[in-house]
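Structural overview
The primary structure of each chain is shown beneath.
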Amino acid sequence: LGSPQFLKTEQGENFSFPSHLHQCFELLTVTKGEMSVTVDGAEFLLKKGEAVLIFPNQIHSLVSKKSKHFLCIFSPDLIKAFVEKTAESVPVCNKFKPEEYLLKGISKLADGSPNIEKKGVLYSLCAQFDKTAQYKKRKSQGGKIIHKIFAFVENNFSGSCSLEDLAKATGYDYTYLSK
């Protein structure tokens, strides 16, 4: 996730993942069956051909038992003009139905793809999303403890990442955090 040109794709099935957030965009589309996706508390049921575009720092989770999916996580640096256009805002609804040719184009991308190819496909995808999207002002995350916890874990998971360390870093009481 550290590279400014980061892009990771994967295909899989029966995919569930608990609530999390990260500093990248995430595109998730269902290729077979159904999947429940929750983004900032709003739940979406995705069916074949439907997708969600999750913005950086939106808390999201995925639940699926009988589905196949395509997932693409990518750096905001790849779509700087879109990021500038939507700065300080998030979608009212993250769900949309991408054109088939865009899904085929993005499925052919890999981290090693030329940047111009990555940017072309991602900008086209974001442009399609933006045509129908409505936005709302992003709520300040400064006071939300859950954002502080996720950020701490994301930045420290490979090192010292204990509840005691979290308490010191956030200024919250150890007992309060353990609850």
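Some words on the packing of aromatic side chains
This model, assessed by the stated rule, comprises 8 aromatic pairs. Pairwise contacts between aromatic rings join Phe25, Phe55, Phe74, Phe82, Phe96, Phe129 and Tyr135 into one cluster.

Details of the pattern of salt bridges
Scanning the model with the defined rule gives 3 salt bridges in all. We note a salt bridge from Asp130 to Lys85, for which the minimum N-O separation is 3.1 Å. Note that Asp130 is positioned in helix 3 (residues 115-132) and Lys85 in helix 1 (residues 80-85), a separation of 45 residues in sequence. Using a relative accessible area of 18% as the deciding quantity, one classes Asp130 as buried. The class for Lys85 is exposed, based on a relative accessible area of 53%.

Some remarks on unusual backbone geometry
One non-glycine residue, Asn14, adopts positive backbone phi at about 45°. Among the secondary structure elements, Asn14 is positioned in the loop between strand 1 (7-13) and strand 2 (17-20). Residue Glu88 is not a glycine yet carries a positive backbone phi of 65°. Along the chain, the position of Glu88 falls in the loop between helix 1 and strand 8 (89-91).

Things to note about the pairing of strand 7 (residues 67-74)
Of all 8 residues in strand 7, 7 are buried, a share of seventy percent or more. Bridge analysis of strand 1 against strand 7 gives 7 bridges, and the strand direction is antiparallel. Note that in strand 7 the partner of Lys8 across the bridge is Ile73. Examined bridge by bridge, strand 3 (residues 25-39) and strand 7 share 8 bridges and lie antiparallel to one another. Pairing of Phe25 across the sheet is with Phe74, part of strand 7.

What about the environment of Leu125?
Tracing the backbone shows Leu125 in helix 3. Remark: the alpha-carbon pair of Leu125 and Cys72, spanning 53 residues in sequence, is separated by 12 Å. With sequence-adjacent residues up to four places away left out, Leu125 is seen in contact with Leu27, Phe96, Pro98, Leu102 and Ile106.

Brief notes about helix 3
Along its 18 residues, helix 3 runs 26 Å from first to last C-alpha, staying within 8% of the 26 Å computed at 1.5 Å per residue. Buried within helix 3 are the following residues: Lys118, Val121, Leu122, Leu125, Cys126, Gln128, Phe129 and Asp130.

Looking at the side chain of Thr29
Following the sequence through the fold, Thr29 ends up in strand 3. Judged by its relative accessible area of 3%, Thr29 falls in the buried class. For Thr29, the side chain forms a polar contact with the main-chain oxygen of Glu50, separated by 2.9 Å. Leave out the neighbours within four places in its chain, and Thr29 touches Gly49, Glu50, Ala51, Lys68, His69, Phe70 and Leu103.

What counts and what doesn't
Counting starts from 1 at the beginning of each chain's written sequence and moves along it residue by residue. With the structure being a predicted model, the display of local features is reserved for residues of pLDDT at least 70 and the display and counting of side-chain atom pairs for 80 or more, all residues being used for whole-chain, interface and lining totals. Hydrogen atoms and water are omitted, and side-chain values are computed over all heavy atoms in the structure. Within 6.5 Å between ring centres, the rings of Phe, Tyr and Trp (the latter by its six-membered ring) count as paired, and their orientation is classed by plane angle as stacked under 30 degrees, edge-to-face over 60, tilted in between. Throughout this description, the term salt bridge denotes a Lys or Arg side-chain nitrogen within 4 Å of a carboxyl oxygen of Asp or Glu. Under the DSSP-based scheme used, a helix requires at least four consecutive residues in state H or I and a strand at least two consecutive residues in state E, with every element numbered from the N terminus. Working definition: with a 1.4 Å probe on protein chains only, accessible area under 20% of the residue-type maximum means buried, over 50% means exposed, and in between means partly exposed. Between any two strands, at least two bridges found by DSSP are needed for them to pair. Only heavy atoms enter the contact rule, under which two residues are in contact if any of them lie within 4.5 Å. Here, expected helix span is obtained from the residue count minus one, scaled by 1.5 Å. Polar contact criterion, stated in full: a pair of N or O atoms within 3.5 Å, where within protein one must be able to donate a hydrogen and the other to accept it, and residues adjacent in sequence count only if both atoms are side-chain atoms.

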